[in-house]
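Secondary and tertiary structure notes
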Amino acid sequence: MKTLVIATVVGMVIPGIAAFLLWYERRLLARLQVRMGPNRVGPQGLWQSLADIIKLLSKEDTVPAGVNPWLFKLAPVMAFLPVFMAFAALPELDPKLNIGILYLTAVLSLSALSFLAAGMGSHSKYALLGGFRATAQMVSYEVPLTLALLGPAMAAGSLNLNVMAWWQQHHLPYILTQPLGAIGFFVAAMAEAHRPPFDLAEAESELVAGYHVEYSGVRFALFVVSEYAHLLLLCWLMAVIYLGGGPAWLVALKIMAMVSVIIWLRATMPRIRADQLMALGWKVLIPLTSLNLLWIAAWNL
Amino acid sequence: MIAERDSITQEELVLNLGPQHPSTHGVFRMVLDLRGETIVGVTPHMGYLHRGFEKLAERRTAVQYQPYPDRWDYLAAMFDEMAYIGAGEALIGIEVPPRAEWLRGIVMELNRLSSHLLWLGTFLLDVGALSPFLYTFREREMILDLLMELTGARLTYSYLRFGGLAHDAEDLWLKKVKAGVRYFRRRFREYRDLIDENEIFRRRVQNIGVIDRDRAIRYGLSGPMARASGVAWDLRRGRPYGIYRQVEVPVITREKGDTWSRYEVRMDEMEASLGLLDVFLDSVEAGPVMAKVPKNIKFPDGETYFSVEGPRGELGVYLVGDGTAHAKRMKIRPPSLFNLQALSHLLVGHMVSDAVAILGSVDIVLGEVDR
């Protein structure tokens, strides 16, 4: 029964929240760029994403000539599934999952496959380059992300996300005791979710749309929804692991704050280059998060 | 180690960028040979927007041809008009009244601002920053509004005539320009605060697409491209025409010749343009805006070359007359085309992301490249 409830919530509510985030981003970005943004469909344009999704769902299902049909059709699902599976580990949904972080890192690393599949299977050079970039990015930023997750786990002495949140409510939030880890997690999370300035895998001005350039209709919608769900997941993790969690409304507030900062960064920053991205990941973030780990280890001695 | 590297098969990827690519600024197409993401070869293809403007000058009378120059470089149409009209005036020998010269200066500097603003927005879009594009378009829109109020058109003005201007500017309009200059000064400070010190932007453009002074001269680069490589050559100063004979134009140069220098040169040029506008607005004098010219303008026997400093560089018109109302031959020297020659030198060895940024920093307008 409980599993069913979780499945329903993840399956129905999360896409809804992702659609809301899509609207929120477009609206806030527009305000930052002296534009109006979508404001016609429903109050304040709130139903815009819903209308977009309906439009995408009703489109013809096209598979371009020359693609590898298996990879091409599987890729959006492979992008969608791991992200949604990861939600099951969040403390608001399952407070007792004792292998929370282990499960998260295991499941999230699967989504790199989808970008590779989309890039390889699309029979397009832009998609190929985008897929390569995305995969390289996912693989390299998995490491600092995991290292940054380990810090709080070590401090709380548990892999259970709920225990970490509980620990912070009775002591200090980890963002204060482990600032290096928090920064590392934030940057790595943005890179994992392909948020600007790390969106080079789908760089509009270079690769047109990167790995999902050949997709339309439902498959494209799956990519977009999973991207925003990924963003939501990582902000949620940040809220729980580094910002102290709390009751649902507080977590929601923290998530919205994180999302707003990320959108603000998108409005301000130019895009980083592929080699600079790698340099940042391997030469800055990994030492930074390792240092954080050492610091926590020394603290706990 | 070497043997190991040889055992991996390496293949070059041919990537076609354009003519519908969002970042090739119109219908430019380049075919990149890639090894990984590194560019090893570039084949540019142009001509998708060829409309035969040089030949048209032989088939239209001098006056009929007047609206055509607006379509060469549609982002800086005043300069094209000035080049064509200036060449005609030089060939025929028309003296332009002083007020017309001042007003030509004002509209040209306004147009330079609007052109550079569009460049700034699209260049930053190429580098991946979204917002400045919308900010610069807000300001550009105001300049276009001003020009529309004066000439009736946003881009293709047809404002200059052989011997002067189509019509006079009102005092109220000059006041509006003056207020606009003050407003733009404030906005430029904002741009520089937003962009200059951004670490990602600096890393994306510094030491990218370097062209040294000698090579810049040999490629025939002009305008901001040449000045960013340390060539102190500005036609407004070096071979002054019209009102620029009477004012001191600062020549802005940088030494390094990289994408960052080109950015800095253009940013400083915009501020210099604002300074020039101040001077022009203070010293514009009353009087007629049209000289006495015959109704049927005929190009006399002879030839002339007249060039102006456009926002992209030396924009020249070589005009041959044979005593009829048609030009015997007209040749345009479009600065973008010449600046584009250096493309393969600029791109090879860099990455795909840099290619887009470098192409953005060259500031091409395909209407002018292809004519």
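Sequence positions are assigned chain by chain, starting from 1 and proceeding in written order. Chain letters and ligand numbers both follow the written order, the letters beginning at A and the numbers at 1. The predicted origin of the model limits local features to residues at a pLDDT of at least 70 and limits the giving and counting of side-chain atom pairs to 80 or more, whereas totals for whole chains, interfaces and linings rest on all residues.

Only runs of H or I of at least four residues qualify as helices and only runs of E of at least two qualify as strands under DSSP, and these elements are numbered from the N terminus. What chain B contains, in helices and strands, is 15 helices and eight strands. Taken against the 2.2 N^0.38 rule, which gives 21 Å for 371 residues, the C-alpha radius of gyration of chain B at 22 Å falls within 12% of a compact globule. Its C-alpha atoms give chain B principal-axis dimensions of roughly 80 × 45 × 35 Å. Evaluated residue by residue, chain B yields a buried proportion of 49% over its 371 residues. In chain B, 70% of the contacts between residues at least 6 apart in sequence involve partners at least 24 apart. We take the radius of gyration over the C-alpha atoms and set the globule estimate at 2.2 Å times the residue count to the 0.38 power. Residues are called buried when their C-beta atom has 20 or more other C-beta atoms within 10 Å, exposed when it has 12 or fewer, and partly exposed otherwise; all C-beta atoms are positioned from the backbone. Contact between two residues is assigned whenever their backbone-derived C-beta positions fall within 7 Å.

To continue, consider the overall build of chain A. A count of helical and extended segments in chain A gives 13 helices and zero strands. Against the 2.2 N^0.38 benchmark of 19 Å for 301 residues, chain A shows a C-alpha radius of gyration of 19 Å, consistent with a compact globule. When the backbone C-alpha atoms are referred to their principal axes, chain A occupies close to 60 × 45 × 45 Å. For chain A, the residues scored as buried account for 51% of the 301 residues in total. Partitioning the intrachain contacts of chain A with sequence separation of at least 6 by distance along the chain shows that 76% fall at a separation of at least 24.

In this section: the packing of helix H4 (residues 98-127) of chain B against helix H11 (residues 259-283) of chain B. Axes are the key here: two packed helices are described by the angle between their axes and the distance separating the axes. All names here are of chain B. Axis definition: a line fitted to C-alpha atoms, over the contacting stretch in the case of helices. Angles run 0 to 180 degrees between N-to-C directions. It is at 9 Å that the axes of H4 and H11 come closest, and there the two elements cross at 155°. As judged from the angle between their axes, H4 and H11 are roughly antiparallel. Where H4 crosses over H11, the two elements pack in a sense that is left-handed. Residues Trp102, Gly105, Ile106, Glu109, Arg112, Leu113, His116 and Trp119 of H4 form the contact with H11, whose own contacting residues are Arg266, Glu269, Met270, Ser273, Leu276, Leu277, Phe280, Leu281 and Ser283. As a working rule, the residues Ala, Val, Leu, Ile, Met, Phe, Trp, Tyr, Cys and Pro are called nonpolar, Asp, Glu, Lys and Arg charged, and the rest polar, with Gly in that last group. In terms of residue class, the contact of H4 with H11 is built from nine nonpolar, four polar and four charged. In these notes the angle categories are as follows: under 35 degrees is roughly parallel, over 145 is roughly antiparallel, 65 to 115 is roughly perpendicular, and the rest is oblique. A clockwise turn of the near helix away from the far one marks a right-handed crossing, whereas an anticlockwise turn of less than a right angle marks a left-handed crossing.

UniProt positions are given in the numbering used here, feature names are shortened, and annotations may be inferred rather than shown by experiment. Taking the numbering used here, the UniProt-annotated feature "domain: NADH-quinone oxidoreductase subunit D" (unreviewed entry) corresponds to residues 126-295 of chain B. Counting secondary structure, residues 126-295 of chain B comes out at 56% helix and 2% strand; the distance between its end C-alpha atoms is 48 Å.

Now for the nonpolar core. Residues and elements named next belong to chain A. Definition of nonpolar core: a set of buried Ala, Val, Leu, Ile, Met, Phe, Trp, Tyr and Cys residues joined via C-beta atoms within 7 Å. Counting 200 residues, the largest nonpolar core has Leu232, Cys235, Met238 and Val240 as the members making the most contacts within it. Among the elements that line this core, the one with the most residues is helix H11 (residues 217-241), at 18 residues. Contacts of valine 240, omitting those with residues within four sequence positions, involve Leu90, Pro91, Leu161, Met164, Ala165, Gly245 and Val251.

This paragraph deals with unusual backbone geometry. Between proline 196 of chain A and the following residue, proline 197 of chain A, the backbone shows a cis peptide bond with an omega angle of 5°. Notably, asparagine 207 of chain B is not glycine yet its phi reads approximately 60°, a positive angle. Note that asparagine 207 of chain B resides in the loop between helix H7 (199-205) and helix H8 (213-218).

All names here are of chain B. DSSP calls a pair of strands paired once it identifies at least 2 bridges connecting them. Within the open sheet, the three strands sit side by side as E1-E2-E3. Their pairing is antiparallel. What marks the edges here is a single partner per strand, and that holds for strand E1 (13-17) and strand E3 (38-45). Each neighbouring strand pair of the sheet contributes to a mean axis angle of 20°, computed without reference to strand direction. In this sheet, E3 lies alongside strand E2 (residues 29-35) in antiparallel orientation, the contact comprising seven bridges. The residue of E3 that forms the bridge with aspartate 33 is glycine 41.

Moving on, we come to the sheet that holds strand E7 (residues 314-321) of chain B. Residue and element names in this part refer to chain B. As summarised here, the arrangement of the three strands in space is E6-E7-E8, forming an open sheet in which the pairing is antiparallel. Both edges of this open sheet fall to strand E6 (302-309) and strand E8 (327-333), since each of them pairs with a single strand only. This sheet shows a mean twist of 15° between the axes of neighbouring strands, independent of strand direction. Here helix H3 (residues 77-92) sits on the sheet and contacts E6 and E7; the angle it forms with E6, its principal contact strand, is near 150°.

Next up on the list: the interface of chain B and chain A. The partner chain A presents 24 residues to the 26 residues of chain B that form the contact. Listing elements by their share of the side of chain B that touches chain A, those giving two or more residues are E1, H4, helix H5 (131-151), H7 and helix H14 (352-362) of chain B. Grouping the amino acids of the side of chain B that touches chain A by side-chain chemistry returns 15 nonpolar, six polar and five charged.

We now examine the packing of helix H6 (residues 125-156) of chain A against helix H13 (residues 274-300) of chain A. All names here are of chain A. Look at H6 against H13: their axes get within 9 Å of each other, and the N-to-C directions meet at 10°. Overall, the two elements H6 and H13 adopt an arrangement that is roughly parallel. Crossing of H6 against H13: the hand is left-handed. Broken down by class, the residue content of the contact of H6 with H13 amounts to 18 nonpolar, eight polar and one charged.

The subject of this paragraph is the environment of leucine 125 of chain B. Here leucine 125 of chain B lies in helix H4. Counting along the chain gives 232 residues from leucine 125 of chain B to alanine 357 of chain B, while the straight-line C-alpha distance between them is 8.9 Å.

Below, the discussion takes up the confidence of the model for chain B. Residues and elements named next belong to chain B. Chain-level pLDDT for chain B is 87 on average; 98% of the residues reach the 70-or-more range. Here helix H1 (residues 2-7) is the element of chain B with the lowest mean pLDDT, 54, and E7 is the one with the highest, 91. For this predicted complex, the interface confidence score (ipTM) comes to 0.81, while the overall pTM stands at 0.86. pLDDT gives the predictor's per-residue confidence on a scale running from 0 to 100.

Further remarks concern the pairing of E2 of chain B. Along any regular strand, the residues point their side chains to alternate faces of the sheet. Residue and element names in this part refer to chain B. The sheet contact formed by E1 and E2 spans five bridges and is antiparallel. Residue asparagine 16 lies in a different strand from E2, and its bridge partner there is valine 31. Connecting the antiparallel pair E2 and E3 is a turn made up of two residues, with glycine 36 showing a positive phi of about 70°.

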